[in-house]
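Listed below are the residues making up each chain.
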Amino acid sequence: MRAALLAGLIVGLAIAAGPVDAQTVAQAAARRVMSLDSCADQYVLALASRQAIVGISPRADGPDSFLRTRAAGLPQRRTTLEAVLGARPEVVVRQWGGDARLMAAISRRGVQTVSLGDAVDFDGVRANVRQVAVALNRQAEGEALLARMDADLARAAGAGRGRSAFYLTPGGYTAGPNTMIDAMLRAAGFTNASPQPYFSPAPLEHLVLNPPKAVVLGFFDLTRAGADRWGPGRHEALRKATRGRVIASLPGAMLGCSAWFAADGARVLAEAAR
């Protein structure tokens, strides 16, 4: 509300005193924004002006953050009511960070909250982008982002020619229908070899005995503590069985959140298919 009043004041002064630089008006209309988790960070970093970002999550510059370079130098804040109030945002964006009580407490203090859906396809991504863009008065930036996404999808379409591809993570998991991975495979013209909906343990013994013709790896660029480092997806027998069958290894930063850059993944898969 304060930003809108200030923008109106500037426009009014422009009428009275002469032309005002368009960038000045846009900056006045920008809404102070804070994101509460690494996936919300991606949308805020992509759509908000840098000057309007008053807080991002502590994971915004991590290796699994797609826009980690944009996060450099911005204030990282904890997911607490005290941190939010201290940052004085006008909009708070979340996907999985913060619970219902925190979001209700933020709303009671007059701060607009935006909760992103857990997109499992590109239509879900479009809805999320537009939701954040509207909240931040950045509709033009949102549509430009979606135009780039759609251009990547158009370039990727049909490249796989219906061939079957199996997705595998270091922890030994795969992804079936109702996941963004499935949407990426289909966008590149592949058929998902995993019929089980959502994420599930991969049938590792079956994969060793009957290796799929095409394998897509995910998150293998990240060295994680615990199970992933020595996970079943890294087992030597499985590596031997799939040698020469891996068509792409997608970075964790491209897969960690359901967002427009999933289209980058579809383009990578399409390029590998061609």
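Fair warning: this is a prediction, and the values are worked out from it, not measured in the lab. (Residues numbered from 1 in each chain as written. Predicted model: local features only at pLDDT ≥ 70, side-chain atom pairs only at ≥ 80, totals over all residues. Heavy atoms only, no water.)

Looking now at the layout of surface pockets. There is about 680 Å³ of room inside the largest pocket. Those elements that place two or more of their residues in the lining of the largest pocket are α3 (38–47), β6 (173–175), α9 (180–187) and α12 (252–255). Split by residue class, the lining of the largest pocket holds 17 nonpolar, 11 polar and five charged. (1 Å grid on protein atoms, 1.4 Å probe; cavity = no way out; pocket = protein on both sides within 12 Å on 5 of 7 lines; lining within 4 Å. Points joined across faces, edges and corners; volume = space filled by probe spheres on them. Helix = DSSP H or I, 4+ residues; strand = E, 2+ residues; numbered from the N terminus. Nonpolar A, V, L, I, M, F, W, Y, C, P; charged D, E, K, R; others polar.)

Before going further, it helps to examine the nonpolar core. If you look at the biggest cluster of nonpolar residues, it comprises 62 residues, and the most contacted ones within it are V93, F122 and W260. Examining the composition of this core, we find that seven residues originate from one element, α3, more than from any other. Non-local contacts of F122, meaning those with residues more than four positions away in its chain, are made with M149, L153, M180, A183, M184, A187, A262 and A263. If you look at the next biggest cluster of nonpolar residues, it comprises 13 residues, including M34, A83, V92 and M103. (Core = buried A, V, L, I, M, F, W, Y, C linked by side-chain atoms within 4.5 Å. Buried < 20%, exposed > 50% of the residue type's maximum accessible area, 1.4 Å probe, protein only. Contact = heavy atoms within 4.5 Å.)

On to the confidence of the model for the protein, then. Of the residues in the protein, 86% reach a pLDDT of 70 or more, and the chain-wide mean stands at 89. Segment residues 1–18: pLDDT under 50, and 18 contacts once partners within four positions in sequence are set aside and those in other chains are kept. (pLDDT = per-residue confidence, 0-100.)

This part covers the state of the cysteines. For the structure on display, the rule yields one disulfide. Linked covalently through their sulfurs, C39 and C257 form a disulfide whose S-S length is 2.1 Å. One quick way to see it: the torsion about the S-S bond of C39 and C257 is about -90°, and its sign makes the bridge left-handed. One end of the pair, C39, is in helix α3; the other, C257, is in the loop between α12 and α13 (262–273), with 218 residues separating them in the sequence. By the burial criterion, C39 is buried, and C257 matches it. (Disulfide = S-S within 2.5 Å.)

It is worth spelling out the pairing of strand β3 (residues 91–94) at this point. Judged by which residues are buried, β3 turns out to be covered on both faces: V91 and V93 on one side and V92 and R94 on the other are all buried. Pairing of strand β1 (residues 33–35) with β3 involves three bridges; the strand directions are parallel. In the sheet register, M34 faces β3, and the bridge partner there is V92. Bridging between β3 and strand β4 (residues 112–115) involves four bridges; their strand directions are parallel. For V93, the partnering residue across the bridge sits in β4 and is V114. Regarding the hand of the β-α-β motif, the stretch spanning β3, helix α6 (residues 100–108) and β4 is right-handed. (Pairing = 2+ DSSP bridges. Right-handed = clockwise from strand over helix to strand, strands pointing away.)

Side chains of Y173, Y198 and F199 sit close together on the surface and give an oily, nonpolar patch of about 370 Å² of accessible area. Classification of Y173 by relative accessible area gives partly exposed; the value is 42%. (Patch = residues over 30% accessible without salt bridge, like charges linked within 9 Å, V, L, I, M, F, W, Y side chains within 5 Å. Areas by Shrake-Rupley, 256 points an atom, 1.4 Å probe, with all protein chains shown as cover. Salt bridge = Lys/Arg side-chain N within 4 Å of Asp/Glu carboxyl O.)

We now examine the sheet that holds strand β5 (residues 164–168). Sheets are built from strands paired through backbone hydrogen bonds, the pairs being either parallel or antiparallel. Here four strands make up an open sheet; going across it, the order is β7-β5-β9-β10 and the pairing parallel. The open sheet terminates on both sides in strands that have one partner only, identified here as β7 (191–192) and β10 (246–250). Both β5 and strand β9 (residues 215–218) contribute to a ladder of three bridges, which runs parallel. When the sheet's bridge partners are listed, F166 is paired in β9 with V215.

Looking now at the sheet that holds strand β2 (residues 53–55). With respect to topology, four strands assemble into an open sheet ordered β2-β1-β3-β4, the strand pairing being parallel. Both outer strands of the open sheet, β2 and β4, are each paired with one neighbouring strand and no more. With direction set aside, neighbouring strand axes in the sheet form an average angle of 30°. Against the sheet, helix α7 (residues 122–135) contacts β3 and β4, and its axis sits at roughly 170° relative to β4. (Axes fitted to C-alpha atoms, helices over the stretch in contact; angles between N-to-C directions.)

Note on placement: S249 falls in strand β10. Separated by 32 residues in sequence, S249 and L217 have C-alpha atoms that sit 4.4 Å apart. In this structure S249 touches L217 and F220, once residues within four positions along its chain are discounted.

Take the side chain of R126 next. Position of R126 relative to the elements: it lies in helix α7. A polar contact is formed between the side chain of R126 and the side chain of D150, at a distance of 2.5 Å. (Polar contact = N/O pair within 3.5 Å; in protein donor to acceptor, adjacent residues only side chain to side chain.)

A positive phi angle, close to 55°, is found at R88, a residue other than glycine. Relative to the helices and strands, R88 resides in the loop between α5 (81–87) and β3. Judged by relative accessible area, R88 falls into the exposed class, the value being 52%. Even without glycine at this site, N178 takes up a positive phi of about 65°. Among the secondary structure elements, N178 is positioned in the loop between β6 and α9. Residue classification places N178 among the partly exposed positions, given a relative accessible area of 39%.

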